[in-house]
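# Structure assessment
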Amino acid sequence: MSRKRARISALGCHVPDRVVKNADLEKMVDTTDEWIHSRTGIRERRRAEPGTPTSEIALNASRKALDLAEMRASDIDLIIVATITPDVPFPATACILQDKLGASRAWCFDVSAACSGFIYALTIGAQFIETGAHRKILVVGADVMSAIVDYEERSTCILFGDGAGAVLLEPAEDETGILDFYHETDGWGAPYLNMPAGGSALSTSHETVDQKLHFIRQDGRQIFKYATRKMAEAPQILLARHGLTAADIDLYVAHQANARIIDAAAQRLGVSPEKVVKNIERYGNTTGATIPLALGTALDEGALEKGDLMVLTSVGAGLTVGAMLVRWSGVPWK
Ligand code: UT7
């Protein structure tokens, strides 16, 4: 079977309407706009109405991608959803999304790789295009982080936002598309960023709720150091494999966790600041959605054109590391 390169043929982004500004958080926890902006680069983030399932915002992003591609949901072969805030522990959010979309031909599953989820899911989807097994795949990164954030805990509640991004993968028709990927996992880092309760190790009980173990927990400093290093090292390994350097990249699209992490990683890799995509000021860290939302920002700003070479990179709970080399195929966009 001859291998075909996969390309991103459409992109759809969705964020909830409600804006939570730093000033709003000042009323909830002991913090300031100055502290949040100077330490993270975030000014505001979006928050879904309580009870909004991840499948709902994933649906909005998916419909946009399908509309732009003028593709019917019934044409989709496979749906992969990257999320750490599934509608319910099971079944997979991808199955719920399939039903809402009416994508009845598609088989579906979720990927749990936290902030690396979208790049991991894209890598998995690309394999099915490359082997020729499938021709139309929907990959979604979506998280309703507000469902698992403790709004009384100042070091985490300021960081996260809700959002969704969806792409369609199809066989490439030219030299553009997903060129290569590089991933790592450091399971020793699992304790640094997690949700302690609600799984088999510690099922939900009155006690776990009283102790707030159903919320996200992190060691911010450890994650900061790890992300700064890995979002430079992983792209570096990928570029070296192709005889490329940072100077050859047109765009550096990193997981939006903290503006200081993105800037430090880009500098370490040797990418000049004008090639760095950032929208964290407006959306905060939307976990599975940051990479597709950043692609949307690059398109809005006219910073991404067909033929551009870009590196996508991420670090997430796990700890998971993702990097992907993409020659942009161009997508319909408005
Ligand atoms: O997708 C991955 C998800 N996680 C991340 O990306 C997290 C990566 N880490 C970070 O972004 C940063 O570590 C944080 C933004 C979480 C924290 O920034 P930092 O510069 O590493 O601050 P710190 O944790 O060293 O804390 C410095 C001080 C502490 O006070 P003391 O102990 O020095 O008195 C914190 O209690 O800042 C305090 N602090 C705050 N102060 C005002 C922590 N959060 C806040 C806050 N407002 N929201």
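Counting from 1, residues in each chain are numbered in the order their sequence is written. Only residues with pLDDT of at least 70 are given local features in this predicted model, and only at 80 or more are side-chain atom pairs given and counted; all residues enter the totals for whole chains, interfaces and linings. Side-chain calculation: all heavy atoms of the structure are included, whereas hydrogens and water are not.

## Examining the pairing of strand β7 (residues 162-171)
Most of β7 is tucked away: 10 of the 10 residues are buried. Strands were regarded as paired on the criterion that DSSP finds at least two bridges between them. Comment: elements are numbered from the N terminus, with helices defined as DSSP H or I runs of at least four residues and strands as E runs of at least two. Judged from the eight bridges that link them, strand β6 (residues 137-144) and β7 form a sheet pairing that is antiparallel. In the sheet register, alanine 142 faces β7, and the bridge partner there is alanine 164. In this scheme, a residue with accessible area under 20% of its type's maximum is buried, one over 50% is exposed, and one in between is partly exposed, where area comes from a 1.4 Å probe on protein chains only.

## Looking at the sheet that holds strand β4 (residues 78-82)
Pairing between the strands of a sheet comes from backbone hydrogen bonds, and it takes one of two forms, parallel or antiparallel. Spatially, the five strands line up as an open sheet ordered β1-β7-β6-β4-β5, and their pairing is mixed. Of all strands in the sheet, those bounded by a partner on one side alone are β1 (6-14) and β5 (107-111). In this sheet, adjacent strand axes meet at a mean angle of 20° when their direction is disregarded. The strands touched by helix α4 (residues 93-101) within the sheet are β4, β5 and β6, with β4 carrying the most contacts at an inclination of about 125°. Helix axes are fitted only over the stretch in contact, all axes being lines through C-alpha atoms; the angle between N-to-C directions runs from 0 to 180 degrees. Note on contacts: a residue pair qualifies if any of its non-hydrogen atoms lie within 4.5 Å across the two residues.

## Looking at the sheet that holds strand β13 (residues 320-327)
With mixed pairing, the four strands of this open sheet are ordered in space as β8-β13-β12-β11. Looking along the sheet, the strands with just one partner apiece sit at the ends: β8 (177-185) and β11 (251-254). Averaged over neighbouring strand pairs, the angle between their axes works out to 15° when direction is ignored. Examined bridge by bridge, strand β12 (residues 309-316) and β13 share eight bridges and lie antiparallel to one another. Residue pairing in the sheet places leucine 309 in a bridge with arginine 327 of β13.

## What about the pairing of β4?
Judged by how many residues are buried, β4 sits mostly within the fold: five of five residues are covered. Here β4 shows two buried faces, one formed by Leu78, Ile80 and Ala82 and the other by Ile79 and Val81. Sheet analysis places β4 next to β5, joined by five bridges and oriented parallel. Bridge pairing in β5 places alanine 82 opposite valine 111. The handedness of the β4 to β5 crossover, carried by α4, is right-handed. Orient the strands so they point away from the viewer, and a crossover whose first-strand-to-second-strand path over the helix runs clockwise is right-handed.

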